[in-house]
Amino acid sequence: MFEFWKVINMMDFNGRGYQQAGRWLVEDSGLTFSQIKEIRNMAQRKVNHLYKQFRDDVQIGSDDGFDDVLWQTVANGHDSFYDCTAESLTEMYDENSYTESFAYSFHAVNKIEDEQFVANKFLKRERAAKRIEEMRRYGGGFDQKLIAAFEHADYNNRRKLAIGFPEFFEHLVD
C-alpha cells in the first residue's frame, strides 16, 4: 500500500514543475491507475479541507491566488499541510512564494481517464454492432425488422429506439 504524503514528496512538484511531476506520477511511480486516481482525489480533498478551514480567515486578493496557495501547501508536503495557519497562507501569497499550480500535475490523470472513456465507448459500440450483425443473421423476424427499422430511421427515431430497446441500440446512439 502506498502512503499519500510519500507519493506527494516523491512527485517533487517544487523541483520538477507540474508537467514532470504529473509524468512521474503516471509513468514512473509504479502505482496502479486506481491508486493514482486515489492520490489525485486525496489531494483535492486536502485542498478542500484547507479551503473550508481558512476561507474566512485568509486575506488573499483573488480566488485563483488562494487556490494556488492551497495547492502549493499540499505540494509542500505533510508538515506544510498540518502546520499551516491563516497567517502562513497569507504570507505565502504576499511573498509570492508559491507556484501555479500543483493541481495541473493531475491533468495527466484526467487525460488518461478521458482516453479510457473514449476506448470504452468504442468497445461498447463494437460489441453492439457485432450483436446486431448476429441478430441480423440468426435472429427471429422481430429482431430483424427492429434492426431494419433502426438502420432506416433518422437520428431522432434512432434515439427513440435506443431508449425503447437499450439492450440493442443504446451504444449506437450518442
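Refer to the structure above for everything that follows.
Numbering of residues starts from 1 in every chain and runs along the sequence as written. In view of the model being predicted, local features appear only for residues whose pLDDT reaches at least 70, and side-chain atom pairs are presented and counted only at 80 or more, with totals across whole chains, interfaces and linings using the full set of residues. The side-chain figures draw on all heavy atoms in the structure; neither hydrogens nor water molecules are used.

S.K.: Tell me about the packing of aromatic side chains, and name the residues and values.
M.R.: How two aromatic rings sit relative to each other is given by the distance of their centres and the angle of their planes. Pairing of aromatic side chains requires ring centres within 6.5 Å, counting the rings of Phe and Tyr and the six-membered ring of Trp. Pairs whose planes differ by under 30 degrees are stacked, by over 60 edge-to-face, and all others tilted. Per the counting criterion, the structure on display carries 12 aromatic pairs. Consider the rings of Tyr51 and Phe66, whose centres lie 5.7 Å apart with planes at 50°: the pair is tilted. Taken together, the residues Tyr51 in helix α4 (residues 33-54) and Phe66 in helix α5 (residues 63-75) connect sequence positions 15 residues apart. Under the relative-accessibility criterion, Phe66 is labelled buried at 8%. Measuring from centroid to centroid gives 4.8 Å for Phe81 and Tyr82, while their planes differ by 85°, and the two rings are edge-to-face. You can call Phe81 buried: its relative accessible area is 6%. Counting from the N terminus, the helices are DSSP H or I runs at least four residues long and the strands are E runs at least two residues long. Each residue is assigned to one of three classes by its accessible area relative to the maximum for its type, calculated with a 1.4 Å probe on protein chains only: buried under 20%, partly exposed between the two thresholds, exposed over 50%.

S.K.: Which residues make up helix α1 (residues 4-11), and what values do they have?
M.R.: Residues of α1 that are buried: Phe4, Trp5, Val7, Ile8 and Met11. End-on view of α1: buried residues confined to an arc of 160°, all on one side of the axis. Exposed and oriented more than 90 degrees from the buried face of α1 are Lys6 and Asn9. The contact definition used throughout considers only heavy atoms, calling two residues in contact when any of these lie within 4.5 Å. The secondary structure elements touched by the buried residues of α1 are α2 (13-16), α3 (18-28), α4, α5 and α6 (78-83). Looking at the residues trailing α1, positive phi occurs at Asp12, about 50°. An arc is given here, and it is the one of the directions from the helix axis to the C-beta atoms.

Geometric values such as these leave the question of function open.
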